[in-house]
Amino acid sequence: MSRGLGSPLSFLLAGWGWLLLTSLLGLATFWGIVRGAPLPPGLRSLHVHGILIGGLLQLMTGFALTASDLTAQEGSRPKHRLLFLCLNLTALGFTAGAWLRDPNLTILAGFLLAAVCIPLVRHLLGGLRTCSTWTPLSPFFFGLSLLGLFGSLVLGGLLAWAWYPTWHGIIRLGHLHAGLLLFLTLAGVGTMQLTLPLLLKRALHSTVVGQAVLLLLPACAAGLLTGFLLSSIHIQLVAGGGLLLTLALCCLNVLRTWSQAGQPGSAAADHLLTALCFLLIMICIGLALGINVLWTPPALPYGTLHLVAYTHTAFLGFFLQAVVGGLSWALPPLLAAQRVPHQKKRGAYRDVVEQVMNRWRALQVATVSFGALGLVLVASLTWNLPLSSPWIRVTTWGSLSLLLVHLTMVTVKLTQAVNTEPGHERAHTNEVTHSDKR
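None of these values were measured; they are calculated from a predicted model. (Residues numbered from 1 in each chain as written. Predicted model: local features only at pLDDT ≥ 70, side-chain atom pairs only at ≥ 80, totals over all residues. Heavy atoms only, no water.)

It is worth spelling out the packing of helix α5 (residues 138-161) against helix α6 (residues 168-200) at this point. Two numbers describe how α5 lies on α6: the axes approach to 8 Å, and their chain directions differ by 155 degrees. It follows from the interaxial angle that α5 and α6 lie roughly antiparallel. Crossing geometry of α5 relative to α6 is assigned as left-handed. Its residues assigned to classes, the contact of α5 with α6 comprises 14 nonpolar, 12 polar and one charged. (Axes fitted to C-alpha atoms, helices over the stretch in contact; angles between N-to-C directions. Helix = DSSP H or I, 4+ residues; strand = E, 2+ residues; numbered from the N terminus. Parallel < 35°, antiparallel > 145°, perpendicular 65-115°, else oblique. Left-handed = near helix turned anticlockwise from the far one by under 90°. Nonpolar A, V, L, I, M, F, W, Y, C, P; charged D, E, K, R; others polar.)

Taken as a whole and assessed by the stated rule, the structure comprises six aromatic pairs. Aromatic side chains tryptophan 31 and tryptophan 397 sit 4.9 Å apart centroid to centroid with 50 degrees between the ring planes, which places their arrangement in the tilted category. Here tryptophan 31 is found in helix α1 (residues 8-34), whereas its partner tryptophan 397 is found in helix α13 (residues 390-419), with 366 residues between them in sequence. Taken together, the ring pairs connect Trp134, Phe141 and Phe142 into an aromatic cluster. (Phe/Tyr/Trp six-rings, centres within 6.5 Å; stacked < 30°, edge-to-face > 60°.)

Bringing the nonpolar core into the picture now. Core analysis: the biggest nonpolar cluster contains 111 residues, and Trp16 and Leu331 have the highest contact counts within it. The leading source of residues in this core is helix α10 (residues 304-339), at 17 residues. Not counting residues up to four positions away in its chain, the partners in contact with tryptophan 16 are Leu59, Leu320, Val323, Val324, Leu327, Leu407, Val410, Thr411 and Leu414. (Core = buried A, V, L, I, M, F, W, Y, C linked by side-chain atoms within 4.5 Å. Buried < 20%, exposed > 50% of the residue type's maximum accessible area, 1.4 Å probe, protein only. Contact = heavy atoms within 4.5 Å.)

Right, let's talk about the confidence of the model for the protein for a bit. Across the protein, pLDDT averages 85, with 93% of residues at or above 70. The secondary structure element of the protein with the lowest average pLDDT is helix α14 (residues 425-437), at 48, and the one with the highest is α13, at 93. The low-confidence segment residues 427-438 (pLDDT under 50) makes eight contacts with residues lying over four places distant or belonging to another chain. (pLDDT = per-residue confidence, 0-100.)

What follows is the structure in structure tokens.
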């Protein structure tokens with residue numbers, strides 16, 4: 001397994017570093033909104049692009065390279081230094097452009113991202129094809145999802161150049177939803193449906209339902225995009241209802257697979273299953289917001305704080321949990337293949353790293369879940385209480401504290417896993433067992 005810059009491990013660690021730092025900025029932004037002193041718009045843009053490009057996109061690339069490397073022959077695993085440097089330079093360019101409010105830096109970063117899109121897509125599809133659950137319908141589904149990445153890139157370029165100023169709002173909506181809905185959400189759900197049966201070591205309960213989900217999700221997402229672009233609440237509600245039913249089928253299918261597998265527990269499976277449940281919660285909130293807008297004036301007031309709480313139900317409850325689940329799955333076999341040359345001797349070391357990644361898993365899932373739901377509670381309290389209310393301040397601090405505990409636990413576990421060297425399996429096993437007993 002290749003080591004150093006450009007290895008899958010470097011993508012995973014750098015991606016988590018971006019996610020951690022920009023998440024801390026996001027927590028500060030939320031606290032600023034609650035205090036009535038929001039941070040400058042440039043910092044919000046830095047937070048968003050740092051998480052999406054430096055964090056999520058880089059982590060997705062790391063997961064794909066990990067899957068490809070684990071199935072490749074020894075000695076045939078190339079490094080990807082240029083791709084690693086380009087992704088991080090792109091993230092730096094976007095964040096610097098947001099910080100300095102310089103569109104030229106943003107445009108240059110966009111060109112760099114466009115230059116690496118083709119190799120990036122090739123690696124992403126290559127990693128997905130290694131899954132034994134890959135079906136003939138999967139290329140169609142993931143191809144449509146990757147079109148969202150290209151569409152978001154093109155629309156982002158139009159925004160940076162400030163072309164068609166009269167269409168700025170529609171272009172911005174298209175840019176956001178092509179990247180978040182078509183690319184990240186569809187790719188996330190599709191990848192979970194591919195990988196959860198592998199984690200559970202059990203075939204998907206119903207392959208027919210699985211294939212139906214791959215067909216219906218893009219159709220519902222296209223309907224939502226159409227509703228957003230036409231500013232039609234009714235189209236959005238119909239498409240959102242279809243999306244809710246489709247994801248409910250997906251969740252039910254996966255949960256029945258988990259039940260038939262004997263309900264095995266691991267940090268990876270726990271986070272991925274919880275992430276799907278949070279996606280359902282997010283869609284329910286979105287439908288409620290759409291129904292609320294049908295009244296003139298809206299039955300409940302809706303402002304920036306509510307929008308932030310709603311979107312972060314997805315970012316924290318779905319994307320963050322999916323990322324942590326992916327790291328819990330990828331690191332043990334990756335480190336074992338990297339550090340133990342003999343394949344027959346990797347099992348003991350991999351088991352030790354898995355024990356490290358499975359520590360505190362119930363607390364880990366609970367902190368991020370209740371922290372994300374706490375943000376929704378804060379936004380809901382503002383309908384009856386002023387922002388200066390001590391109840392809102394206490395709830396905000398409680399939610400942000402839970403999220404900080406979660407980020408700290410994951411970072412500590414990643415550090416422990418990476419610093420776990422082979423040859424000390426017995427000592428580490430005794431240490432983990434003693435910790436679990438306590």
